[in-house]
Amino acid sequence: MPESATLSAPSATETRHMFLNIGPSHPAMHGIVQLIVELDGERVVKTDVEIGYLHRGFEKMSELGPYNNVIPYADRLNYVSPLINNFGYCLAVERLLGIEATERCQFIRVIMSELSRITDHLTCVGASAMELGAFTVFLYMIKAREWLWELVEAVTGARLTVSYGRVGGVKADLPGHFAARTRKALEDVRKVLLECDALLTRNRIFMDRMQGTGIISKEQAISYGITGPFLRGSGVALDVRKANPYFVYDRLAFDVPTGEHGDNYDRYLVRMEEMEQSMRLVEQALDRLPGGPINIDF
Amino acid sequence: MDQTRGPATSLRARLHASFPQHVLETHAYRGQETVLLKREGLLEVARVLKSDPVFAFDFLMDLTCVDYLTFGRVLSSRPSLATPSPLPYYMTPKPDPERWQRGVSDAAYRFDVVYHFFSSSRVHRLRLKVPLSAADPALDSLTELWKSADWFEREAWDLFGVVFTGHPNLRRLLMYEGFQGHPLRKDYPFNKRQPLVGPVN
Amino acid sequence: MKPATPDPGKLNPSTRPAVGGARSGFRPGRVSVAELNWMTTRVDAALGWARKFSIFQYPFVTACCGMEYMATATSHYDVDRFGAGFPRFSPRQADVLFVVGTISHKLAPVLKRVYDQMAEPKWVVAFGVCTCTGGFYDNYATVMGIDTLIPVDVYIPGCPPRPENVLDGLIKLQEKIQHGVRATLPPDASARPAELQGAHRPDTHL
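Computed from a prediction, not measured in an experiment: that's the story for all the values here.

A. View of the overall build of chain B. Per the secondary structure count, chain B includes three helices and seven strands. Of the regular secondary structure in chain B, the N- to C-terminal order runs α-β-β-α-β-β-β-β-α-β. Buried positions account for 47% of the 201 residues belonging to chain B. When contacts within chain B are restricted to residue pairs at least 6 apart in sequence, long-range pairs at least 24 apart make up 57% of them. Accessible surface computed for chain B: about 9,400 Å², of which carbon and sulfur atoms make up 56%.

Structure follows, in structure tokens:
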């Protein structure tokens, strides 16, 4: 343990870093990770991260059945946005098979993915606000998430572990009145987001705690292979939906919010803005949804 | 995207031209450029892939491993603790002799370590595969070039038993330290448990 | 001969009224067993009622069920109306251990330790099918049901269970708390059903 001591000064104090074990069961109750942090007061000097507490052997289980059997496992990879995982896996298998899903299916996949992305960001931002003490924001965001989960349930039959994608299509078509319900739900979600924005973004406490903390620079983010809103918060304007478009993202208009400083506050802002962009995408896709079959025949 | 790049100047062709002594084979199945590399050339090629502006691969997106122990072989039909996981019931296993004509013999080819690279500036991708033998599954570590290699290599060591020389901290990532064996290998039964507390089942 | 007058102070239940003993002649200093039993049951019932509506839960959240736990605990399906709205993230301060989500073998010693650190009386809720029986993760990494490690009071199956299921389970837990009933570990693995005892589970895939 490093220690520093000044010699022969009567008021000299010896300081040592403190080691604190956070987890694996810890109050941030989503996901388990063990952090053994070395603290200098309140500043984290070094961390040792221990993962594997939620290793459930997906890859090994995937060896045991046909390709569609993997889809329930794919749901549970990132259980906050399970539809995106479903479709990511289905897209990989479809690429290997050399097939492409029908146009209607691709639009449906875009709509469901973006709804899933909004629920993901709601959970993420809500939970991080809760951990800072802003429990009200968490409640508001979970309320908004419930509305979206009701939509997801209307389409897929399940709120969370949906198993909706299939190789070559999706499980079932969108139900009747889905477009009207979605538009209404997105209006309500927008109101909630405005409220939460008013509660957090210019909040002195929130800003003090989130600005300048957890800084990841551009080079570090790229070297660690980070993608998604984390990377965009660090200033790299890389979104695979724009760079390597899949499904019908190249036909839909949306912006890619990018942060500057790579701190927690930028990542929060990126996520809030991405929710708005996702809602834009859903509305465009609903407008342009074509008819036709949803599963290809092969 | 670089419009002048046609088949004659594809990534894999460039790589083959630069390192003919290391490249075993290349293909672009389904449009995904793949290069098979000898393990001695891995670090050198990786350095070039990162620094050369033609390639400019700043992202190591994925590093994983494939175990070919049961590939093309018929096994028992039910998984159990005694026998390894079989091929899925609908796959007719066929031995594939062409596969083994790569300058490596059947006995010496068990693992493939697979690297996926992505370039954010040039927006292209490349896959590198390095075949390894069962007797000596060792390889150079790429942690000095991409930090993402750190945990990926730990995972490959943990689940497959591939050793990465030069890795600063090669210990188990997902399983606990006392775990015996490498679970994702095809000869590890899928439901063989080694509990720390509690009964086996 | 005069019949013996029963002495009210004597321990003789047959001479005391069967119901409402305290109402008919309670004399301080001369309390019968029946009266004592009545009082204790009333006190127990009151304690049970107080305990069941002030559940301090320890949410041991690991995986996907955590999302449904969040949904149950907050808007729409509020668990605060059961008095369980205040999670306590220290085992010393909690009385119900909600084990939410898959427990892997790496995490099992941690779960055991957290359970051991909780003070009596304590109850355990197995939330989600992974904690009940292991779910569909019949593999090298997963504990096939936490009742192999700690005694479980209420099993809430589902992958993940709907919030209505969770509230149903919570009400069942409240009944248990009311009556002070607690689970015990089965003596050994042979107490589990026959088909779950073998080294290999029946074909659950395909």
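B. Fine view of the overall build of chain A. Each helix and strand counted, chain A has 11 helices and seven strands in total. Evaluated residue by residue, chain A yields a buried proportion of 52% over its 298 residues. Once local pairs closer than 6 in sequence are excluded, the contacts in chain A between residues at least 24 apart make up 65%. Within the structure as shown, chain A displays about 13,300 Å² of accessible surface, and the carbon and sulfur contribution to it stands at 54%.

C. Geometry of the pattern of salt bridges. A complete count under the given rule lists 37 salt bridges over all chains for this structure. For Glu153 of chain A, the salt bridge identified is with Arg162 of chain C, shortest N-O distance 2.3 Å. Here Glu153 of chain A, found in helix 5 (residues 135–156), pairs with Arg162 of chain C, found in the loop between strand 4 (154–156) and helix 5 (163–178), and the two come from separate chains. Asp208 of chain A serves as the salt-bridge partner of Arg204 of chain A, at 3.0 Å between the closest nitrogen and oxygen. Here Arg204 of chain A pairs with Asp208 of chain A, and both are found in helix 7 (residues 204–210), just four residues apart, close to one helical turn. A single network of salt bridges, built from pairs that share partners, joins Glu114, Arg117, Arg232, Asp239, Arg241 and Glu274 of chain A.

D. Layout of the side chain of Ser278 of chain A. Summarising the element assignment, Ser278 of chain A is placed in helix 11 (residues 264–287). A relative accessible area of 1% means that Ser278 of chain A is categorised as buried.

E. Summary view of the confidence of the model for chain B. Residue and element names in this part refer to chain B. Of all residues in chain B, 77% have pLDDT values of 70 or greater, and the mean over the chain is 80. Considering each helix and strand of chain B separately, the mean pLDDT is smallest for strand 1 (residues 23–27), with a value of 89, and largest for strand 7 (residues 163–165), with 95. Segment residues 1–7: pLDDT under 50, and 11 contacts once partners within four positions in sequence are set aside and those in other chains are kept. Note that pLDDT drops below 50 for residues 74–97; the model gives that stretch 41 contacts with residues more than four away or on any other chain.

F. Quick peek at the nonpolar core. Judged by nonpolar contacts, the single largest core of 53 residues is most densely connected at Met112, Leu115, Tyr164 and Phe178 of chain A. Breaking this core down by element, the ones donating at least two residues are helix 3 (82–97), helix 4 (103–131), helix 5, helix 6 (178–200), helix 7 and helix 11 of chain A. Here the element with the most residues in this core is helix 4 of chain A; it accounts for 11 residues. Beyond its immediate stretch of four places on either side in the chain, Phe178 of chain A contacts Ile111, Met112, Leu115, Leu151, Val155 and Leu286 of chain A. Counting residues in hydrophobic clusters, the runner-up holds 43 residues, among them Leu42, Val113, Leu128 and Trp146 of chain B.

G. Structural context of the interface of chain C and chain A. Each partner contributes to the interface: chain C provides 35 residues, whereas chain A provides 42 residues. Summing the contributions of chain C and of chain A, the shared interface buries around 3,400 Å²; its carbon and sulfur component is 65%. For the chain C face of the interface with chain A, the top three residues by lost area are Met67, Met70 and Lys106 of chain C, together amounting to 18%. Applying the counting criterion to the chain C and chain A interface returns three salt bridges.

H. Spotlight on unusual backbone geometry. For the bond running from Glu120 of chain C to Pro121 of chain C, omega is -10 degrees, close enough to zero to count as cis. Mapped onto the fold, Pro121 of chain C is located in the loop between helix 3 (108–117) and strand 3 (123–127). The omega torsion of the bond from Cys159 of chain C to Pro160 of chain C falls at -10 degrees, within 30 degrees of zero and hence cis. Along the chain, Pro160 of chain C turns up in the loop between strand 4 and helix 5. You will see that Val123 of chain B, though not glycine, has its phi angle at about 50 degrees, which is positive. One non-glycine residue, His76 of chain C, adopts positive backbone phi at about 80 degrees.

I. Just the packing of aromatic side chains, in detail. What the rule picks out here adds up to 28 aromatic pairs over all chains. Where Phe135 of chain A meets Phe138 of chain A, the ring centres are 5.8 Å apart and the plane angle is 40 degrees; that geometry is what we call tilted. Here the residue Phe135 of chain A and the residue Phe138 of chain A both occupy positions in helix 5, the gap between them amounting to three residues, near one helical turn. What makes Phe138 of chain A buried here is its relative accessible area of 1%. Their ring planes at 70 degrees and their centres at 6.4 Å tell us that Trp49 of chain C and Phe53 of chain C sit as a pair that is edge-to-face. Overall, Trp49 of chain C belongs to the exposed group, its relative accessible area being 54%.

J. Layout of the side chain of Glu63 of chain A. Its place among the elements puts Glu63 of chain A in the loop between helix 1 (58–62) and helix 2 (71–75). For Glu63 of chain A, a relative accessible area of 19% gives the class buried.

K. Highlighting the sheet that holds strand 3 of chain C. Residues and elements named next belong to chain C. With parallel pairing, four strands are arranged side by side in an open sheet as 1-2-3-4. Where the open sheet ends on each side, the last strands, each with one partner, are strand 1 (57–61) and strand 4. Strand-to-strand twist in this sheet, taken as the mean axis angle between neighbours without regard to direction, amounts to 15 degrees. Taken together, the five bridges between strand 2 (residues 96–100) and strand 3 define a ladder with parallel strand orientation. Bridge pairing in strand 3 places Val99 opposite Ala126. Along the sheet, helix 5 makes contact with strand 2, strand 3 and strand 4, crossing strand 4 at roughly 175 degrees.

L. Layout of the sheet that holds strand 4 (residues 111–118) of chain B. Residue and element names in this part refer to chain B. Spatial ordering of the open sheet is given by 1-2-5-4-3, a layout of five strands whose pairing is mixed. The open sheet has two free edges, formed respectively by strand 1 and strand 3 (59–67), since each of these has just one partner strand. Recorded for the sheet is a direction-independent mean angle of 20 degrees between the axes of neighbouring strands. Pairing between strand 4 and strand 5 (residues 125–132): eight bridges, direction antiparallel. Note on strand 5: the bridge partner recorded for Tyr115 is Leu128. Sitting on the sheet, helix 2 (residues 42–51) is in contact with strand 2 (34–37), strand 4 and strand 5, with an inclination near 175 degrees to strand 5. Packed onto the sheet, helix 3 (residues 149–160) meets strand 3 and strand 4 and runs at close to 10 degrees relative to strand 3.

So, how was this worked out
- Residues numbered from 1 in each chain as written.
- Chains lettered and ligands numbered in written order.
- Predicted model: local features only at pLDDT ≥ 70, side-chain atom pairs only at ≥ 80, totals over all residues.
- Heavy atoms only, no water.
- Helix = DSSP H or I, 4+ residues; strand = E, 2+ residues; numbered from the N terminus.
- Buried < 20%, exposed > 50% of the residue type's maximum accessible area, 1.4 Å probe, protein only.
- Contact = heavy atoms within 4.5 Å.
- Areas by Shrake-Rupley, 256 points an atom, 1.4 Å probe, with all protein chains shown as cover.
- Salt bridge = Lys/Arg side-chain N within 4 Å of Asp/Glu carboxyl O.
- pLDDT = per-residue confidence, 0-100.
- Core = buried A, V, L, I, M, F, W, Y, C linked by side-chain atoms within 4.5 Å.
- Buried area = accessible area lost by both parts, 1.4 Å probe.
- Phe/Tyr/Trp six-rings, centres within 6.5 Å; stacked < 30°, edge-to-face > 60°.
- Pairing = 2+ DSSP bridges.
- Axes fitted to C-alpha atoms, helices over the stretch in contact; angles between N-to-C directions.

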